[in-house]
Amino acid sequence: MTGKLLVVDDSATDRLIIKNMLGDYNVITAENGREAMKLIQERTDIDLMILDLNMPVMNGFEVLEALREVNRDQRIRTIILTNYGELDNEIRGLQAGAVDYIRKPVNMESLKLRIEVHLELLRIQKLYEQTLFERDLTLDTLLEQAPIGIALSHGEKPNSSAEEKVIFNSAYQRITGRPRDELIKLGWAQITHPEDLVKEEALFRSLRAGKIESYSMEKRFVWPDGSIVWADITVADLKLEKGSEFNYICLVQDITERKAVEDALRESERSKSVLLANLPGLAYRCDNDRKWTMRFISEGCYGLTGYRPENLLNNRDLSFSDMIAEEYRECLWTEWRQALEARAPFKHEYEMMTASGQRKWVLDVGQGVFDEHGNTQALEGIIIDITDRKEQENELRHISEIDGLTKLYNRRYLETVLSRDAKQNPDNESAVALISLGKINSISLTYGYSFCEQIIVELTQKLSSLANDSRELFQISLERYAFYIKKYQNQNELRDFCQSVIGMVDSLQILRTVGCGIGIVEFRGGDYADGNIIKNASTAAERSNKDQIFGCSFFNREMEAAMKREGDVKEALIRMVDGSPDDRLYLQFQPILNLKTDRVEEFEALARFKSKKLGTVPPLEFIAIAEETQMIVPIGQSVLEMACAFQKRIQALGCEHVRIFINVSAIQLLRNEFMEDFLDVLNRYGLKPDSFGLEITESIFADNFSVINQKLEKLMDIGVKTSIDDFGTGYSTLSRERDMKINILKIDKSFIDGLMTDDPERTITRDIIAMAHRLGHAVIAEGVEHRKQKQYLVEHQCDMMQGFLFSKPLDEDDALHILAAQG
């Protein structure tokens, strides 16, 4: 994470060292506490301060004390610098508001690590605050639009007068007949009918004790005028994020009219026909058997189910059991058994299948009919359509399960689905493919959070096109998606699907530099018991995106998949070395532009490997394996041969002064035969050494510095140019650069990228260019992709550049076309 850092130290040397070492960040400095406070008051974008406690003008403790008085929306996080043996000062500094400390002399790797941690904490805090704000807006809107009463509360009791934060929607206030202030003042106990209060208090105690997750009951609210309103209530523990104020949700539906109907039904047999005609459902009398054989069923059966009563009587065309959705039949039978044994009323909600195939939610309220001996003669009851109410309840339940930005189900809901499927289908094979856009924060930092959100919405629309009945898309977080995949054939199908996902990401141009990693976890339903599916998928996604822009990998318990892949690449390289036509090495050439003449005068040869079995293998993958297995030697020989063939084509075009740079590893350089083999190939092609350059990474000097330096000097003596790649990413090179036998420094892409975000006048890129020139070295800038970067390089006398702004790596014919075009 990038950020604005303030370094406060009275030592100019220490300030310079720290600033240079933190080149990835935007660093400003102050030489004492007074100057630091002035900068803090002038600027609002400082994220982190590195503060020396021991300074002559306003020391570090005085700065920490002054910071407490600064009125800011977000206090600056401070890391204090102390000396060894100053434990008391460290404790005092932390008590004064510092978040961390580091001792002098400063270990830069440790300092960098701590800075990254604290900047990441700031990023998470800002993201969390934004998410909470958006969810509050969504919650308020949904609550007011809901047609049923809703109360959100926390603490000892829902809606208790002791609460400072309680939410009631308009429907809840209408049902209870009281305004919000009065509801808070009285609490729900005082507006509940005394005959219902004892039962509800017992249920609520069980809920608080964790014995139950929710409860439902019918109760009476007492209005201010003494009248009664019957309500069907559901109270549940509201499991939100840690730190949420709301611990309970109460859903209330006015059932006064329904209760009146029920009371009237019990009041007299005379009014039975009128009640049945107006009942929003059906009434029934059936046998106590598995088919619930109907002996009486009201005319409301047709309106509720689409079947006429005569279709069901005595199981003529179908039984009542046939209409009940299959997954509820056994549960319904068990609930009736328990009610009959307890001589208690029966009440249950389930889904029915209508004649048209529609599923309807119904509330079944009934009781057993017993003879004088206590034997069950029949079952009687009414069934009411509650589909609308269930849909409303489900909508509210999903408020905390849907991402507010993309409207996709979130991680909480995915975990619920996985847990449910594990119980229902423990033997089914499934997979989760998690897509990680781990670097998307760079877009937010560059273009703003709102722009980043627009990109996420657009990507969501594209990814949603890949969802179907067997693939469901979820939003895990801003930068992570997950597909829950069922009914797939094999891993190849999953890989093809991931390529489709990558294609969707790649189709958004701005995401091409961000890339994505996809982690796939295959599992049987029963394997979800460990609850680590999403975690494992995330691990695999991060691993897949570690060394490449786009990638996907399967999670398979540590190294199994990685070892198999490594073995496949090794075999392909062996086949290639042995001359297999299905596995071939080829080169592409990236032009290097002279910024003074604006002409291509050099190419970098880039090795590519394509296998019939594996496809195109990334260089970072096969080169590392080639070095490990020593196959880099024959591969390096092949690269040189192909580069020589291309150089012959260049010279045939009349471009005799165009040089080709070849990447060389330490393993190749350290071989005694390297110089002899190198010159032998050049002699066979009739080429001079000054037609080529060798490119090495600065890490190559970590070991065998003297030996490698001697070889480089010999190469320079015969006219071969030597270049050091990725300059500035190592540590020891800065102190050894003067002694290196090299002609050219290649500035690492990370410094060039910094030109787009950091203040160009403060970047150390110009210092590297100036330092190289003073030592007699030319400079090439890598990874130039924007005109702004090129302009900066020209202004500061950089010699050459390469990057997508001018050209990507090219095949031979395309590279020759560039040379021919410039004449």
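Residues numbered from 1 in each chain as written. Predicted model: local features only at pLDDT ≥ 70, side-chain atom pairs only at ≥ 80, totals over all residues. Heavy atoms only, no water.

A separate point is the overall build of the protein. Assigned secondary structure in the protein consists of 31 helices and 30 strands. Taking all 823 residues of the protein together, 47% fall into the buried category. As displayed, the protein offers around 41200 Å² of accessible surface, 48% of which is attributable to carbon and sulfur atoms. (Helix = DSSP H or I, 4+ residues; strand = E, 2+ residues; numbered from the N terminus. Buried < 20%, exposed > 50% of the residue type's maximum accessible area, 1.4 Å probe, protein only. Areas by Shrake-Rupley, 256 points an atom, 1.4 Å probe, with all protein chains shown as cover.)

Turning to the sheet that holds strand β12 (residues 294-297), a few remarks are in order. Ordered by their spatial adjacency, five strands build an open sheet running β12-β11-β15-β14-β13, and the pairing between neighbours is antiparallel. For this open sheet the edge positions go to β12 and β13 (346-353), each flanked by a neighbour on one side alone. If you compare each strand with its neighbour and ignore which way they point, the axes differ by 25 degrees on average. In the sheet, strand β14 (residues 359-370) pairs with strand β15 (residues 376-385) via nine bridges, with the strands oriented antiparallel. Residue pairing across strands places Val362 opposite Asp385, the latter belonging to β15. On top of the sheet, helix α14 (residues 326-341) reaches β11 (281-286), β13, β14 and β15; it is set at about 160 degrees to β13, its chief contact. Here helix α15 (residues 387-397) sits on the sheet in contact with β13, β14 and β15, set at roughly 120 degrees to β14. (Pairing = 2+ DSSP bridges. Axes fitted to C-alpha atoms, helices over the stretch in contact; angles between N-to-C directions. Contact = heavy atoms within 4.5 Å.)

Residue placement: Arg389 occurs in helix α15. What makes Arg389 buried here is its relative accessible area of 6%. A C-alpha to C-alpha distance of 8.5 Å links Arg389 and Gln253, two positions 136 residues apart in sequence.

What follows concerns the nonpolar core. In terms of nonpolar packing, the biggest core is built from 72 residues, with Leu573, Phe603, Ile650, Ile660, Phe692 and Leu793 touching the most fellow members. When residues of this core are assigned to their parent elements, the largest contribution, eight residues, is made by helix α23 (residues 632-652). (Core = buried A, V, L, I, M, F, W, Y, C linked by side-chain atoms within 4.5 Å.)

Listing the buried residues of α15 in full gives Thr387, Arg389, Lys390, Glu393 and Leu396. Taken together, the buried residues of α15 touch β6 (149-153), β9 (228-237), β10 (248-254), β13, β14 and β15.

Let us now look at empty space enclosed by the protein. Per the counting criterion, the structure on display carries seven cavities of 30 Å³ or more. Counted as a void, the largest cavity has a volume near 160 Å³. Gly636, Gln637, Leu640, Gln668 and Phe674 are, among the 14 residues lining the largest cavity, the residues nearest its centre. Going through the elements one at a time, α23, β25 (659-663) and α25 (674-685) are the ones with two or more residues in the lining of the largest cavity. Top element by residues in the lining of the largest cavity is α23. It accounts for five residues. Partitioned by chemical class, the residues of the lining of the largest cavity number eight nonpolar, four polar and two charged. (1 Å grid on protein atoms, 1.4 Å probe; cavity = no way out; pocket = protein on both sides within 12 Å on 5 of 7 lines; lining within 4 Å. Points joined across faces, edges and corners; volume = space filled by probe spheres on them. Nonpolar A, V, L, I, M, F, W, Y, C, P; charged D, E, K, R; others polar.)

This brings us to the side chain of His796. Within the secondary structure, His796 is located in the loop between α30 (787-795) and β30 (800-801). The residues contacting His796, other than those within four sequence positions of it, are Arg766 and Ile769.

Inspection of the entire model under this criterion finds 41 salt bridges. Arg43 is the partner of Asp45 in a salt bridge, and the nearest nitrogen-oxygen pair spans 3.5 Å. Overall, Arg43 belongs to the partly exposed group, its relative accessible area being 26%. With a closest N to O distance of 3.4 Å, Arg659 and Glu602 form a salt bridge. Placement of Arg659 in strand β25 and of Glu602 in strand β23 (residues 599-611) is noted, with a sequence separation of 57 residues between them. With relative accessibility at 15%, the residue Arg659 sits in the buried group. (Salt bridge = Lys/Arg side-chain N within 4 Å of Asp/Glu carboxyl O.)

Let us look at the sheet that holds strand β1 (residues 4-8). Here five strands make up an open sheet; going across it, the order is β2-β1-β3-β4-β5 and the pairing parallel. Every interior strand has two partners, whereas the edge strands, β2 (26-30) and β5 (100-104), have only one. Strand-to-strand twist across the sheet, computed as the mean angle between neighbouring axes with direction ignored, equals 20 degrees. Against the sheet, helix α1 (residues 12-21) makes contact with β1, β2, β3 (48-52), β4 (77-83) and β5, and its axis sits at roughly 175 degrees relative to β2, the strand it touches most. Sheet strands in contact with helix α3 (residues 60-69) are β3 and β4, and its direction is about 145 degrees off that of β3.

Turning next to the packing of aromatic side chains. The full count for this structure, using the stated rule, is 15 aromatic pairs. Geometrically, the ring pair formed by Tyr328 and Trp361 is edge-to-face, given 5.8 Å between the ring centres and 75 degrees between the ring planes. Here Tyr328 is found in helix α14, whereas its partner Trp361 is found in strand β14, with 33 residues between them in sequence. Take Tyr328 and Trp361: they sit in the same class, and that class is buried. (Phe/Tyr/Trp six-rings, centres within 6.5 Å; stacked < 30°, edge-to-face > 60°.)

At Lys407, a residue that is not glycine, the phi angle is positive and equals roughly 65 degrees. Mapped onto the fold, Lys407 is located in the loop between α15 and β16 (409-410). Residue Lys407 is classed as exposed on the basis of its relative accessible area, which comes to 58%. Residue Asp598 is not a glycine yet carries a positive backbone phi of 60 degrees. Here Asp598 shows up in the loop between β22 (583-594) and β23. The class for Asp598 is partly exposed, based on a relative accessible area of 48%.

Our focus in this paragraph is the pairing of β10. Counting buried residues along β10, five of its seven residues qualify, which places the element largely inside the surrounding structure. Pairing between β6 and β10: five bridges, direction antiparallel. When the bridges of β10 are listed, Leu152 appears paired with Ile249. Direction of pairing for β9 relative to β10: antiparallel, over a ladder of seven bridges. Across the sheet, residue Asp237 finds its bridge partner in β10, namely Tyr248.

Turning to helix α18 (residues 449-464), a few remarks are in order. Over its 16 residues, α18 runs 22 Å from end to end, which matches the ideal 22 Å to within 8%, given 1.5 Å per residue. When α18 is considered as a whole, its buried residues turn out to be Cys452, Glu453, Ile455, Ile456, Leu459, Thr460 and Leu463. The buried residues of α18 all sit within an arc of 155 degrees when viewed along its axis, so they share a single face. In α18, those exposed residues whose orientation departs by more than 90 degrees from the buried face are Ser450, Gln454 and Gln461. (Expected span 1.5 Å × (residues − 1). Arc of directions from axis to C-beta.)

With that settled, the discussion passes to the packing of helix α2 (residues 33-42) against α3. Contact pair α2 / α3: the axes reach a minimum separation of 10 Å and the direction vectors enclose 25 degrees. If you check the angle between α2 and α3, you find them roughly parallel. Read as a crossing pair, α2 and α3 show a hand that is right-handed. Residues Gly33, Met37 and Ile40 of α2 lie in contact with α3, whose contacting residues are Val63, Ala66 and Leu67. (Parallel < 35°, antiparallel > 145°, perpendicular 65-115°, else oblique. Left-handed = near helix turned anticlockwise from the far one by under 90°.)

This part covers the side chain of Lys360. When you line up the elements, Lys360 lands in strand β14. Here the side chain of Lys360 touches Leu304 through a polar contact of 3.1 Å, landing on its backbone oxygen. In this view, Lys360 contacts Gly303, Leu304, Tyr350, Glu351, Met352, Thr354, Asp385 and Thr387; residues no more than four positions away in its chain are not counted. (Polar contact = N/O pair within 3.5 Å; in protein donor to acceptor, adjacent residues only side chain to side chain.)

On to the pairing of β22. Of all twelve residues making up β22, eleven are buried, and the element is well covered by its neighbours. Bridge analysis of β22 against β23 gives twelve bridges, and the strand direction is antiparallel. By the bridge assignment, Phe589 is partnered in β23 with Ala605. Linking β22 back to β23 in an antiparallel pair, the connection comprises four residues, with Asp598 at a positive phi of about 60 degrees. In the sheet, β22 pairs with β30 via two bridges, with the strands oriented antiparallel. Note that in β30 the partner of Leu593 across the bridge is Met801.

None of this, on its own, says anything about what the molecule does.
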